[in-house]
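Take a look at the letters that make up each chain.
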Amino acid sequence: MKSYLLPKTQLASWLSRVQADRTLYAPVADADGVLDWREVSDPAQIVLPPGVPDLPVKKLFFPTSETMLQYAYRADKAAVVATPPPATPFAVFGVRPCDALAQQVADLVFLGDLPDPYYQARRDAGTIIAVNCTEALPECFCASLNDCLTEAPGADVLLTPLDDAYLVAALTHKGEDLLAATAGDLPEATEADLARQAEVAAATAAAQTRKIDMEGVTELVRAAYGDEDFWKEHAEACVGCGVCTFLCPTCTCFDVRDDAISGRGQRFRCWDTCQFADFSQEASGHDARAHQWQKQRNRICHKFWYSVDRTGVLSCVGCGRCLRGCASHSDIAATIEDLKKQPVTPDE
Amino acid sequence: MALELCQCDMESDLYVPRPAQVVAVEPQTPMETLVRFKFPDGADLGHKPGQFVQIFIPGIGEAPISVCSAPNAECTFDLTVRKLGDVTGALHRLQPGDTVGIRGPFGNGFDMEALQGYDLVIVGGGIGLVPLRSVIQYVADHRADYANVHLLYGFKSPVEQMYVDELAQWQADCDMDVRLTIDKPHDAWDGHVGVITTLFPDLTIVPPRTYALVVGPPIMYQFVITECRLKGLADDHIIMSLERRMRCGVGKCGHCQINSKYVCMDGPVFTFSDVKHLWEAI
């Protein structure tokens, strides 16, 4: 697939061409300065921070809340209309490689044998334009977990900052189509430019101060499952706010609710979290994970074990948002480090 | 209530309920009622014993409920519901002619073909008998395909006994060994008294040719599974159906996850060997 060189001074004009045929989303600072994924009218609004923007990009494919049915009802009659999935083409610029990979992990839940029509429509309509990292935040640890910095799986187009230009590479057919329509007049990248891409990725990986040996992590977590004291100690301060899961780019649990009043109603789904009190509570009152330490154990086991069992991949990408956002300073990476210091208890 | 569904042009009906009409309501106990449904177009639900549906009442919401009838020529299906929350409360107010929305069937169900030729020990505790009724009806319909059938059903007091006439019929007409027990003595009861495990000592089981099908509250499993193992049943001959909170029914929403399993997709029917290493299962 072709790669191009985009002078940094021409980024805004290239993005204008990108948004000619589609809605453009990118990290934009909200009133509180939080970097959220918003529709961009002027590329000058875009803020590319070091590391990941505050919020994960998953909301563009899996909104915090979306309507599935709308209905009118009275005592003797009801009329129900299914809400069709949206299909407006869009591109999202400024996605970091860890978030692009996370979307691929979420695909394994939402697509497959029973594809989710809403998620599928947004995935089909959306093009992910990733921008490689050149700096690392203290919380970043993707390089310990995966090769997203070099391969950017999940991205359709990858921009890698070189000196005064971006190396622009298509990684999928969707990305190729986008570049064919918007980058035809740009010079093609040389072999030397492509070699620089690997150097940038390696330098960013080296800049990550948080380095964790993830060798055998699934077995490690599985073996420690029954060590209640360990999990209690590591979840002691957890208040169950769920921010770790809402900020997690791969967490995709949702609730389905009906909001009905005065004869009109809607069925919608909204983000939910295994950290909330009633998430796994049955109608009988029984709850297999009633305690907060069990809920935190579930989160960590899911990332490093259950996900591997179900889909073959880890569902932690190392973006570091959960530990950046946690009010009680829970640190998933440090938890894994601590696990390694535990005496191994044999599997039951 | 009638229900019209103006279906949009969606390729997938994963989340779109289809209208089903109430054809009969049969109260069972003060807490449980049976509602029989049929699709207006006469279509069959296409379920297996042990599967569940998501039932939707406009203005109230949706809830997962086990189908408690076997597939039948009339293409009807039964749900027996305990009045506990908003949706189940509304289900208790349904009348013949009313319409609800149905998604499903979901879940794996019991593999009734794999059980052919075997003795069956069917153990239901309380409303655990509900999903098992689909199995029992199926066995009654295909009685020659199964060997000895024992049905053990325990409930708290006589007033909580469901399917009273059917239980008598299964005993009298379907060559099933039906044994009932209530938890504590009661003036209106002259049958067996004691928790369900007290029915096991008199039971003769030949382990290699027997499957136990067990459904009940979480506390019941550990005691009944212990009895089954004491009788010599292998762990893969002990089959159970698990309850979990569920929302989507199709393996996405995460609510029914237990360790690496999703009850809505991998279950709700599991063998004990499937789940004995899943700490959160029972």
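Quick caveat: nothing in here was measured; it's all calculated off a predicted structure.

Topic: the packing of aromatic side chains
All names here are of chain A.
Next up, step 1: Tallied over the entire structure, the rule returns 21 aromatic pairs over all chains.
Next up, step 2: With a centroid separation of 5.8 Å and 90° between ring planes, the pair formed by Tyr-225 and Trp-305 is classed as edge-to-face. Here Trp-305 lies in helix α10 (residues 292-311) and Tyr-225 lies in the loop between α7 (217-224) and α8 (228-235), a separation of 80 residues in the sequence.
Next up, step 3: You can call Tyr-225 buried: its relative accessible area is 1%.

Focus on the domain arrangement of chain B
Residue and element names in this part refer to chain B.
Next up, step 1: Examined at the domain level, chain B breaks down into domain 1 (18-105) and domain 2 (119-278).
Next up, step 2: When each unit is reduced to the centre of its C-alpha atoms, the spacing between domain 1 and domain 2 is 21 Å.
Next up, step 3: Both faces considered, domain 1 and domain 2 share a buried interface measuring about 1700 Å² in area, 60% of it formed by carbon and sulfur atoms.
Next up, step 4: Counting the contacts that link domain 1 with domain 2 gives 1 salt bridge.
Next up, step 5: Across the domain 1-domain 2 interface, the total number found is 10 residue pairs in polar contact (both at pLDDT 80 or more).
Next up, step 6: Residues that form the side of domain 1 that touches domain 2 fall into these classes: 9 nonpolar, 7 polar and 6 charged.

Thoughts on the confidence of the model for chain B
Next up, step 1: Confidence along chain B averages 94 in pLDDT terms, with 98% of residues attaining 70 or more.
Next up, step 2: The ipTM, which scores confidence in the relative placement of chains, is 0.91 for this predicted complex, and the corresponding pTM is 0.93.

Topic: the pairing of strand β7 (residues 99-106) of chain B
The side chains of a regular strand alternate between the sheet's two faces.
Residues and elements named next belong to chain B.
Next up, step 1: For β7, the tally of buried residues reaches 6 of 8 residues, placing the bulk of the element in the interior.
Next up, step 2: Both strand β4 (residues 52-57) and β7 contribute to a ladder of 4 bridges, which runs antiparallel. Residue pairing across strands places Phe-56 opposite Gly-101, the latter belonging to β7.

Observations regarding the sheet that holds β4(B)
Residues and elements named next belong to chain B.
Next up, step 1: One open sheet holds the 6 strands; their spatial order is β5-β4-β7-β2-β3-β6, and the pairing between them is antiparallel. Two strands bound the open sheet, and with one partner strand each, they are β5 (61-66) and β6 (76-82). The sheet shows a mean angle of 40° between the axes of neighbouring strands, taken without regard to direction.
Next up, step 2: Pairing geometry for strand β3 (residues 32-38) and β6, over 7 bridges, is antiparallel. Residue pairing across strands places Arg-36 opposite Asp-78, the latter belonging to β6.

Procedures and definitions
Residues numbered from 1 in each chain as written. Chains lettered and ligands numbered in written order. Predicted model: local features only at pLDDT ≥ 70, side-chain atom pairs only at ≥ 80, totals over all residues. Heavy atoms only, no water. Phe/Tyr/Trp six-rings, centres within 6.5 Å; stacked < 30°, edge-to-face > 60°. Helix = DSSP H or I, 4+ residues; strand = E, 2+ residues; numbered from the N terminus. Buried < 20%, exposed > 50% of the residue type's maximum accessible area, 1.4 Å probe, protein only. Domains from an automatic or database assignment. Buried area = accessible area lost by both parts, 1.4 Å probe. Salt bridge = Lys/Arg side-chain N within 4 Å of Asp/Glu carboxyl O. Polar contact = N/O pair within 3.5 Å; in protein donor to acceptor, adjacent residues only side chain to side chain. Nonpolar A, V, L, I, M, F, W, Y, C, P; charged D, E, K, R; others polar. pLDDT = per-residue confidence, 0-100. Pairing = 2+ DSSP bridges. Axes fitted to C-alpha atoms, helices over the stretch in contact; angles between N-to-C directions.

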